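# What the coordinates show
What follows is the residue order along each chain.
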Amino acid sequence: MDVGITIVIAVTVLVMIGAFAVAARRLLNLRFGVVRGLLAGALAFLLAGPIMQALAGSVSPQDSSLTPLWFLILAVACALLAAMVFLAVAEALVPAGSLPGPVELARSLRGRAARSRRYFAIVRILARHGLGPYLRGRRPDDGAGGRARVARSLRLALDEAGVTFVKLGQIMSTRPDLLPAEFIDELALLRDRAAPASWEQVERVLAEELPGPVEEVFAEFERRPLASASIAQVYAARLRSGDRVVVKVRRPGITEVVERDLDIVARLALTLSARTRWGRAIGVRDLARGFAEALREELDFRVEAANMAAVAATSRDAEVHVPAPHLPLSGRRVLVMERLDGTPLDTAAPASRRGDAADADAWGTAGAEAAGGAGHDGAATGTARDARDGHVGGAGEAGDGHAGRAGETGGGHAGGAREAGDGHAGGAPDAGALARTLLGTLLRQIMVDGVFHADPHPGNILLLADGRLGLLDFGSVGRLDGSLRASLQRLLLAMDRGDPLGVADALLEVVPRPDEIDEARLERELGRFMARHMNGAGATPGARMFTDLFGIVSGHGLSVPPEVAAVFRTLATVEGTLTALAPGFDLVAEARAFGARHFAESRDPATIRRAVTDEATALLPMLRRLPRRLERIAGAAENGRLSVNVRLFADERDRTHVTGMLHQVLLTVLAATAGIMAVLLLGVDGGPKVTAQVGLYQLFAYNLLVVASILALRVLVVIFRRDL
């Protein structure tokens, strides 16, 4: 019997606490967490009893009227008011969502412990390299020497921190609009290296991703990797059809490592943004968010296969070859693609520059030596990513002596020394012609097709055995819509004409236009920029040109969209590639020549006729309706019935915003009115007596005070709730 009574009492108490919590949330008209609501309900339940006892002293036990009921309602309202005060104060001190709930906390406890260990390890690495003060808001020294020391310390710290931070540094090295030149140069030295995973681990991944066992899917599969990086490693294979392919396999367990480190990167970015002005100035949170999205895409090889297919579909240059992916065999963790025989451009460049036919046979040997052997520790390692952008699967690090085997280079995409040498025995191709072909292909991809290879460093470009160029590593591909391409074309034409006004107008079409900008100063700076880099014999086209352009953009508070930043990054990268291939290659002159050819094609009579026909076809329905509309307007004006109807709040968002503000103002006025009325009623003497001590006016005043407090709390809690 006692157990039953205890259960009933417990259930009753829980129901009352829940009722108080629900009532407080409904009166505040906001959603709160379950724990916070239950705490408020419990507070109201605990205060309800003492308040009732305090008010009961004013009521006679023999009173049979409704007076005790009114005092009971007043006591409940006061207890409910205490719950609302608790929720409002809690929202002001600890906003909703700032702390995890108990369920989330329990689920993430193990992950938090692992992340904390990793976080402290990263902090120790930064402190060991002397970067601790910069996490607390200190700015790098203004002098070039001070910045160079900090940049070197940052590179060493990122290199020691592991794969995610190495790739973060590689991405940062492509943003001259955000970082000084000392940091760009130092971070460009980062390399992505890792010992290969065991065949047993790789075989399990292949078994899960392929439609059958390796022995059934492939006629041949070499178990020794051609190259190995921190995210993937590459193997040579032959299909049952006889096609030679390379198979890129994601390293087992790398996803968990990357996700943990990305969480730490996001937290570090949040800390830097909150504590440092320079972190807020360069948009470190947005940079970390974009990096996380790019790296997560990189882990999914289906994205790279789609990129490869997109570039191949728009490619119209027979002198540049894009490897074809084998989509039926490719998946999230495995990518199977055509194998290209050739030599990485950074290896082939010296021979092509000498132009000696006898040197052609040496290219294959050079490629074999660059790809040969193991690292210094004897492990067969290789990099499948570029030092600047870190995209797995390229040939970027073959020249660093980290590729898997002699005779294979570029992450398994290039052929052996014999093949490369035999293919070019007839003579070395002209380096200038190769450079013009590469630049023309990329400019056509950017300006015309809208889908372009965003990482054209020398290791990702092969000189094939048949004399063509081959593109590798499509983990980074940029996309531009038609309007953005048209704006970039106008920008190129204006720069070719030397028109600062036209360049400024086109630039403001490419980047989001701020509310306030000094266009005259922008035009003057763009004019000086073109005079320095594009006019006369003293011009200095090169990577510095893109750095200066980014400096002008950032100096005027213009934010560069990611797709536009990818264009400039690609041009800066290919400039270095072209310089290595053909020293003295004039990027600006060749770009002007490309623009002249392309725009000459666009001004061809047939092209103009087709464009006019398309525009006329699109305008024809409107032209048919135009006379009738003009007639209606003229008739209305003639008869004095012409009027203009302007809707100030046509947008639903505007109406919602104004309505919310009016609600807040109305609640504030009502709260103030109720409070003033309560004070006035409390000051009135006499009147009907409810009890011996409490008059009717006082009872009304107490209730009005409760109403005023509730309305005021509804206004305050919205102010404290930052996301409203």
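Remember, it's a predicted structure, so these values are computed and weren't measured experimentally. Counting from 1, residues in each chain are numbered in the order their sequence is written. Note on the predicted model: pLDDT of at least 70 is required for a residue's local features to be given, and 80 or more for side-chain atom pairs to be given and counted; whole-chain, interface and lining totals, by contrast, use all residues. To get the side-chain values, all heavy atoms of the structure are used, and hydrogens and water are removed first.

### Description of the overall build of the protein
Within the protein, the secondary structure is distributed over 28 helices and eleven strands. Taking the contacts inside the protein whose residues are at least 6 apart along the sequence as the reference set, 69% of them involve residues at least 24 apart. Segments assigned H or I by DSSP are reported as helices when at least four residues long, segments assigned E as strands when at least two residues long, and all are numbered from the N terminus. Contacts: residue pairs with any heavy atoms within 4.5 Å of one another.

### Section: the packing of aromatic side chains
Here is the rule: rings of Phe, Tyr and Trp (six-membered ring for Trp) pair when centre to centre is within 6.5 Å. Planes less than 30 degrees apart are stacked, more than 60 are edge-to-face, and the remainder are tilted. Using the criterion set out here, one finds four aromatic pairs in the structure. Taken together, a centroid distance of 5.5 Å and an interplanar angle of 45° make the contact between Trp199 and Phe221 tilted. Pair noted here: Trp199 is in helix H10 (residues 199–209) and Phe221 is in strand E1 (residues 218–221), with a separation of 22 residues, a long-range link. With respect to burial, Trp199 and Phe221 carry one shared label: buried. Within the aromatic cluster, the residues linked to one another by ring pairs are Trp199, Phe218, Phe221 and Tyr235. To sort residues, take the accessible area from a 1.4 Å probe on protein chains only and compare it with the maximum for the residue type: under 20% means buried, over 50% means exposed, and anything in between is partly exposed.

### Things to note about a positive patch on the surface
Note on patches: the residues involved have over 30% relative accessible area and no salt bridge, like charges join within 9 Å, and the nonpolar side chains Val, Leu, Ile, Met, Phe, Trp and Tyr join within 5 Å. Where accessible areas are quoted, they stem from the Shrake-Rupley method and a 1.4 Å probe; at the residue level, only the protein chains shown are allowed to cover. The salt bridge criterion pairs a side-chain nitrogen of Lys or Arg with a carboxyl oxygen of Asp or Glu, the two atoms within 4 Å. Here the positive residues are Lys and Arg and the negative ones are Asp and Glu; neither His nor the chain ends is included. The atoms used to mark charge sites are NZ of Lys, CZ of Arg, CG of Asp and CD of Glu. Together, Arg625, Arg628, Arg629 and Arg632 make up a region of like positive charge exposed at the surface. Mapping Arg629 onto the fold places it in helix H26 (residues 605–638).

### Regarding the sheet that holds strand E10 (residues 469–471)
Two strands pair under a simple rule: DSSP has to find at least two bridges between them. Spatial strand order, E5-E10-E9-E7: four strands in an open sheet with mixed pairing. Edge positions in the sheet fall to strand E5 (320–321) and strand E7 (342–344), since each has one partner strand and no second. Relative to E10, E5 runs parallel, the two being bridged by two bridges. Pairing of His321 across the sheet is with Gly470, part of E10.

### Notes on the nonpolar core
Of all hydrophobic cores here, the largest spans 110 residues; its most connected members are Phe165, Leu438, Leu469, Leu526 and Leu578. Every residue in contact with Leu526, bar those within four places of it in the chain, is listed here: Pro500, Val503, Ala504, Leu507, Leu549 and Ile552. Side-chain atoms within 4.5 Å link the members of a nonpolar core, which is a set of buried Ala, Val, Leu, Ile, Met, Phe, Trp, Tyr and Cys residues. By size, the runner-up hydrophobic cluster in this structure holds 21 residues, among which are Ala24, Leu30, Leu87 and Val717.

### Things to note about the pattern of salt bridges
Inspection of every chain in the model, using the stated rule, returns 15 salt bridges. Between Glu509 and Arg490 there is a salt bridge, with its nearest N and O atoms 2.6 Å apart. Of this pair, Glu509 sits in helix H21 (residues 500–510) while Arg490 sits in helix H20 (residues 482–497); the two residues are 19 residues apart in sequence, bridging distant segments of the chain. Put simply, Glu208, Glu209 and Arg333 are held in one network by salt bridges that share partners.

### Observations regarding the environment of Val684
The residue Val684 is located in the loop between helix H27 (652–682) and helix H28 (696–720) in this model. As for Val684 and Gln698, which are separated by 14 residues in sequence, their C-alpha atoms are 8.3 Å apart.

### Regarding the packing of H27 against H28
Here the axes come from fitting lines to C-alpha atoms, over the contacting stretch only for helices, and the angles between their N-to-C directions go from 0 to 180 degrees. Interhelical geometry of H27 versus H28 gives an angle of 155° and a closest axis separation of 8 Å. Compared by their axis directions, H27 and H28 come out roughly antiparallel. The crossing of H27 and H28 is left-handed. Small angles under 35 degrees read as roughly parallel and large ones over 145 as roughly antiparallel, with 65 to 115 read as roughly perpendicular and the rest as oblique. In this scheme the handedness of a crossing depends on how the near helix is turned from the far one: anticlockwise by less than a right angle means left-handed, clockwise means right-handed.

### A short note on the environment of Gly498
The topology assignment puts Gly498 in the loop between H20 and H21. Distance from Gly498 to Gly527, taken between C-alpha atoms, is 7.7 Å for residues 29 residues apart in sequence.

### A few points about H26
For an α-helix, 3.6 residues make a turn, and residues three or four places apart therefore share a direction. The seven residues ending at a residue and the seven starting there each receive a fitted axis; the angle between those axes is the bend at that residue. In H26, a bend of some 45° at Leu620 exceeds every other bend along the element, and Pro621, a proline, comes one to four places later. Once H26 finishes, Gly640 follows within two positions and takes phi at roughly 75°, a positive value.

### Considerations on the side chain of His453
Residue placement: His453 occurs in strand E8 (residues 451–453). For this analysis, a polar contact is any N or O atom pair within 3.5 Å, provided that within protein one partner can donate a hydrogen and the other can accept it, and provided that sequence-adjacent residues contribute only side-chain to side-chain pairs. A polar contact is formed between the side chain of His453 and the backbone nitrogen of Asp455, at a distance of 3.0 Å. When sequence neighbours within four positions are dropped, the list of residues in contact with His453 reads Leu442, Gln445, Asn460, Leu471, Leu472, Asp473, Phe474, Ser476 and Thr570.

### Quick look at the pairing of strand E3 (residues 232–239)
Judged by how many residues are buried, E3 sits mostly within the fold: seven of eight residues are covered. In the sheet, E1 pairs with E3 via three bridges, with the strands oriented antiparallel. Bridged to Glu220 within E3 is Arg238. Alignment of strand E2 (residues 227–228) against E3, held across two bridges, turns out to be antiparallel. From the neighbouring strand, Ser228 faces E3, where its bridge partner is Gln233. Following E2, the chain reverses through three residues before pairing antiparallel with E3.

### Description of the pairing of strand E6 (residues 334–338)
The buried count for E6 comes to four of five residues, which makes it a mostly enclosed element. Sheet topology note: the strand E4 (residues 244–250)/E6 ladder contains five bridges and is antiparallel. If you follow Val249 over to E6, its bridge partner there is Val334.

### Thoughts on the side chain of Arg333
Counting through the fold element by element, Arg333 comes out in the loop between E5 and E6. Arg333 sits in the buried class, given a relative accessible area of 15%. Of the polar contacts made by the side chain of Arg333, one reaches the side chain of Glu209; its length is 2.9 Å. With residues near it in sequence (within four places) discarded, Arg333 still touches Val205, Glu208, Glu209, Lys248, Val249, Arg250 and Phe301.

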